[in-house]
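Observations on the three-dimensional arrangement
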Amino acid sequence: MAAPCRRMASVTLLYFRSCFRRTAVGSAGVRQLSTTSVCGVTLQTKSRTEKPPSPWTLMAAVCLQRLPVISADCSPVEQRFRQMLQQMELEKSLVSEHELRLLEDAERLSRKQADDYDSDDEGSHGDQDIVLAQDLEDSWEQKLQTFQPGLRVNADADEDLTSLERCLADPLVLVAEQQVGGDKLWLLPQTQWQEGETLRQTAERALNSLPAAGLKATFLGNAPCGVYKYKLPKAARTESTVGTKVFFFKAILSDSGAPAAPSASLLWAKKSELQRYLKPAYMMKVDRFVLAL
Amino acid sequence: MSAVLRKVCVTRQASALSQALAACWAARPLQHPVWAPVNTRHYRSMPTHGIGRWRHLVPKEKTKKKKDKIQMKEILGETDTAYGSLNVTVSGYDMTLVEHYSQYIHNLCHRLAIKVAESYILPTKTTEVMLMQEKGTKMFVDAVLKTHQRVVQLSSLDATACPVLLDVLLQNQPEGVELCVSQHTEAHFQARFKGRPELEGLIAQLTY
C-alpha cells in the first residue's frame with residue numbers, strides 16, 4: 001500500500017494540452033479528443049529502506065467511458081418551459097435586418113405593381129432588385145431539404161450491448177469479463193501492479209491488454225478516483241496475501257478507430273445496467289465515482 | 001427699610017440665579033436632532049459615540065494611476081500534488097452556449113473550492129465562408145461565422161480534483177462547443193495586448 005502512493009507523490013505531473021471537440025453526430029459515435037503532452041512524466045525513485053512487503057496485492061483498473069454524443073431529450077416540463085421561453089423571447093424581440101429587407105421588398109413590389117409607378121422616384125437599390133430577400137429564403141429552404149440529420153435514437157444499436165453506437169445520450173462504461181482467482185467475473189478491466197511502474201501505467205497496460213484493439217483513451221489524471229478492497233476468505237489467506245486492493249482510474253475514449261469485432265467478453269453498459277453485471281460490494285464502490293449526469 | 005433691603009436681596013439673588021442658569025445652558029446646548037448639524041460628533045462619553053462610522057471597515061482601495069501597466073498575476077508552477085496555472089478555453093459559434101458554459105465552469109470551480117485566478121474573453125474571430133458560384137468563377141459570401149472564446153484561468157488544480165472536474169465538464173459539454181485545457185504561460189498573457197508598431201519601431205531605432 002505504501003509503495004505506489006509514495007512513488008506517485010514524487011512523480012511530476014503530466015501537463016496536458018487537451019482539446020475536446022463536440023461536433024454534430026458524425027459517422028463515429030464518439031467525441032474527438034486530442035492530447036499533446038507538453039512535458040513528460042519523470043519518475044524519481046527514492047532510495048527506500050528495506051521494508052517487509054505489504055500483504056495486499058495491488059491492482060489498477062480503468063474506468064473507460066464513452067461520453068454522450070448528443071444531448072439528452074428534455075422532460076415534458078422542460079419542453080413546455082422551453083417553448084414558453086422561446087415565445088417570450090420572440091414577443092420581446094426586435095425585427096432583424098433580414099426581416100426588414102423582406103418587408104421593404106414586399107412594399108416595393110406592391111408599389112411597382114401600382115398603376116402610377118414612376119421608377120425615378122425609387123432610390124437606387126442596386127442588386128437588391130435582382131435578388132430579393134424572398135429568393136434568398138427560398139434557396140435556403142431548398143438547401144435545408146437536401147440536408148439529412150442523423151438518427152438520434154437507433155433502436156437496433158441500443159439493444160446490442162457491445163456496440164459503441166448505443167444510447168447516444170448517455171455515458172457508457174466498458175465492462176470486461178476477466179478471470180479472477182478461478183472465477184470469471186464481470187468487472188472493470190484490471191491488471192496487477194508490477195514493481196517499477198506507476199499505478200496509472202498499470203491501468204494503461206490493463207486497457208491495452210484487452211482483446212479489443214484500437215481503443216484509444218485519454219486518462220484524466222494521475223490520481224485514482226476510487227478504490228476497492230477485497231479480503232480473501234479466511235481459508236485462502238496466507239502470510240503474504242490478505243487480499244487485493246484495486247485502484248480505479250478514469251479515462252475517456254478518444255476515438256475507437258476501426259470498429260473491432262464484437263467480442264463476448266466486452267460490454268458497453270450504462271450506469272443503470274452496471275448493476276446487472278457487477279458484484280454488489282464492487283458495485284457500491286464503483287457507483288461512487290461513475291457519474292451519470 | 002428691611003423690606004426694601006429684602007427685596008433688593010431677593011432680586012439680586014434672582015438675577016444671580018438666572019445668570020447661573022444662563023451660563024449653564026450656554027455650556028451645554030440642547031442637541032435637538034433636527035437642528036444639530038450633521039457633521040458634529042456625538043460627545044465621546046456617550047454610548048452612541050461613533051455610531052454610523054463605516055469607512056474604517058471597508059478595505060482601502062489602491063488608487064489606480066492611468067500610467068500603471070497591468071501587472072500579470074503570478075503564474076504558479078506545478079507541484080507534486082497540484083497542477084499549476086491552467087487555462088480552460090471554451091470556444092464555439094453560438095455565443096449563448098459558449099457564455100453559459102463558461103459561467104457554468106466558473107460556478108462549478110467555486111463549488112469545488114478550486115481557485116479561479118481570472119476569467120476573461122478573447123477577441124471574436126470572424127470567418128467568412130465563401131462559396132464558388134455554380135456558373136462562373138466568382139466567389140460569393142455564403143455565411144459569416146463568428147467564433148467566440150471565453151477563458152477561465154485556474155490558479156491551481158489539485159491532482160485528486162482534476163479527474164472529477166474534467167469528467168463533469170466533459171459530460172455536460174453542450175453540442176457545438178469546444179473545450180480546451182492548457183497550461184498558462186506568459187505568452188498567453190502577452191497575446192491579449194495589442195501590438196504597438198510605432199513604439200516597437202522607435203525602440204528598434206534606439207537600439208540599432
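Anything mentioned here points back to the structure above.
Residues numbered from 1 in each chain as written. Chains lettered and ligands numbered in written order. Predicted model: local features only at pLDDT ≥ 70, side-chain atom pairs only at ≥ 80, totals over all residues. Heavy atoms only, no water.

**Some words on the overall build of chain B**
Put simply, the rule reads: Starting at the N terminus, helices and strands are each numbered in turn, a helix being any DSSP run of H or I of at least four residues and a strand any DSSP run of E of at least two. Exposure classes here rest on a 1.4 Å probe applied to the protein chains alone. A residue is buried below 20% of its type maximum, exposed above 50%, and partly exposed in between. Note on definitions: a residue-residue contact is assigned when non-hydrogen atoms from the two residues lie within 4.5 Å. Areas reported here follow the Shrake-Rupley algorithm with a probe of radius 1.4 Å; residue values treat only the protein chains shown as occluding.
Helix and strand counts for chain B stand at five helices and six strands. Reading the helices (α) and strands (β) of chain B from amino to carboxyl end gives α-β-β-α-β-β-β-α-β-α-α. Buried positions account for 23% of the 208 residues belonging to chain B. Taking the intrachain contacts of chain B between residues at least 6 apart in sequence as the baseline, contacts between residues at least 24 apart amount to 71%. Element-wise, carbon and sulfur atoms account for 60% of the exposed surface of chain B, whose accessible area totals about 16400 Å².

**Observations concerning unusual backbone geometry**
A negative phi angle is the norm for most residues apart from glycine, just as the trans form is the norm for most peptide bonds. A positive phi angle is found at Cys-167 of chain A, which is not glycine, with a value near 45°. Located in the positive-phi region is Ala-113 of chain B, a residue other than glycine, with phi close to 60°. Mapped onto the secondary structure, Ala-113 of chain B falls in the loop between helix H2 (95-111) and strand E3 (116-132).

**Notes on the environment of Lys-125 of chain B**
All names here are of chain B. In this fold, Lys-125 is placed in strand E3. When the C-alpha positions of Lys-125 and Arg-196 are compared, they lie 20 Å apart, and in sequence the two are 71 residues distant. Apart from residues lying up to four places away in sequence, Lys-125 is in contact with Leu-145, Lys-146, Thr-147 and Gln-149.

**A look at the environment of Glu-273 of chain A**
Residues and elements named next belong to chain A. Rules: Under this definition, polar contacts are N or O atom pairs within 3.5 Å; protein pairs additionally need one hydrogen-donor-capable and one acceptor-capable atom, and for neighbouring residues in sequence, both atoms have to be side-chain atoms.
If you trace the backbone, Glu-273 turns up in helix H7 (residues 271-277). Looking at Glu-273, the relative accessible area reads 12%, which means it is buried. Spatially, the C-alpha atom of Glu-273 lies 21 Å from that of Val-246, the residues being 27 residues apart in sequence. For Glu-273, the contacting residues outside a window of four places in its chain are Leu-161, Arg-166 and Trp-268. Among the polar contacts made by the side chain of Glu-273, one reaches the side chain of Arg-166 at a distance of 3.0 Å.

**Description of the nonpolar core**
Put simply, the test is: We define a nonpolar core as any set of buried Ala, Val, Leu, Ile, Met, Phe, Trp, Tyr and Cys residues linked to one another through side-chain atoms lying within 4.5 Å.
Ranked by internal contacts, the top residues of the largest apolar core, which has 25 residues, are Ile-105, Leu-165 and Leu-179 of chain B. Those elements that provide at least two residues to this core are strand E2 (86-92), H2, strand E4 (139-154), helix H3 (161-171) and strand E6 (177-183) of chain B. The greatest single-element share of this core, amounting to six residues, is contributed by H3 of chain B. With residues near it in sequence (within four places) discarded, Ile-105 of chain B still touches Val-88, Val-90, Leu-169 and Leu-179 of chain B. Formed by 23 residues, the second largest nonpolar core is a distinct cluster that contains Val-62, Leu-199, Phe-249 and Trp-268 of chain A.

**Comments concerning the packing of aromatic side chains**
We count it as follows: Side-chain rings of Phe, Tyr and Trp (the six-membered ring for Trp) are treated as a pair once their centres are within 6.5 Å; stacked means planes under 30 degrees apart, edge-to-face means over 60, and tilted covers the remaining angles. Charges are assigned to positions over rings by a cutoff of 6 Å between ring centre and Lys NZ or Arg CZ, combined with an angular limit of 35 degrees from the ring normal.
On inspection of all chains with the given rule, the structure shows six aromatic pairs over all chains. Judged by centre distance (5.3 Å) and plane angle (70°), the ring pair of Trp-186 of chain A and Tyr-277 of chain A falls under edge-to-face. With Trp-186 of chain A in strand E5 (residues 183-187) and Tyr-277 of chain A in helix H7, this residue pair connects regions lying 91 residues apart in the sequence. Taking 5.2 Å as the distance between ring centres and 80° as the angle between the ring planes, the aromatic pair formed by Phe-189 of chain B and Phe-193 of chain B counts as edge-to-face. You can call Phe-189 of chain B buried: its relative accessible area is 8%. On the basis of relative accessible area, Phe-193 of chain B is assigned to the partly exposed category, the value being 38%. Taken together, the ring pairs in this structure connect Tyr-228, Phe-248, Tyr-282 and Phe-289 of chain A into an aromatic cluster. Positioned above the aromatic ring of Trp-56 of chain A, the side-chain terminus of Lys-245 of chain A is 4.7 Å from the ring centre.

**Looking at a positive patch on the surface**
All names here are of chain A. Definition in use: Patches in this entry comprise residues that are over 30% relatively accessible and not in a salt bridge; like charges within 9 Å are linked, as are nonpolar side chains (Val, Leu, Ile, Met, Phe, Trp, Tyr) within 5 Å. Here a salt bridge means any side-chain nitrogen of Lys or Arg lying within 4 Å of a carboxyl oxygen belonging to Asp or Glu. By the counting rule applied here, Lys and Arg register as positive and Asp and Glu as negative, while His and the ends of each chain are not counted. Each charge is placed at NZ for Lys, CZ for Arg, CG for Asp and CD for Glu.
Together, Lys-229, Lys-231, Lys-234, Arg-237, Lys-285 and Arg-288 give the surface a local cluster of positive charge. Relative to the helices and strands, Lys-229 resides in strand E8 (residues 226-231). A relative accessible area of 52% means that Lys-229 is categorised as exposed.

**Concerning the pattern of salt bridges**
Residue and element names in this part refer to chain A. Across all of its chains, the model carries 10 salt bridges over all chains by this definition. When the shortest N-O distance is used, the salt bridge between Glu-273 and Arg-166 registers 3.0 Å. Here the residue Glu-273 occupies a position in helix H7, and Arg-166 occupies one in the loop between helix H5 (155-159) and strand E4 (172-180), the gap between them amounting to 107 residues. Using a relative accessible area of 3% as the deciding quantity, one classes Arg-166 as buried. Here Asp-287 and Lys-271 are joined by a salt bridge, their closest N and O atoms 3.5 Å apart. With Asp-287 in helix H8 (residues 280-289) and Lys-271 in helix H7, this residue pair connects regions lying 16 residues apart in the sequence. Judged by its relative accessible area of 25%, Lys-271 falls in the partly exposed class.

**Focus: the pairing of strand E3 (residues 56-66) of chain A**
All names here are of chain A. For clarity, the threshold we go by: Paired strands, as defined in this entry, are two strands with at least two bridges between them according to DSSP.
Extensive coverage of E3 is indicated by the burial of 11 of its 11 residues. Of the pairings in the sheet, the one linking E3 to strand E9 (residues 243-253) comprises 10 bridges and is parallel in character. Bridge pairing links Trp-56 to Gly-243 in E9. Inspection of the sheet shows E3 paired to strand E6 (residues 190-192) by three bridges, in the antiparallel sense. Bridging across to E6, Met-59 finds its partner in Gln-192. In this sheet, E4 lies alongside E3 in antiparallel orientation, the contact comprising two bridges. By the bridge assignment for E4, Gln-65 is matched with Val-173.

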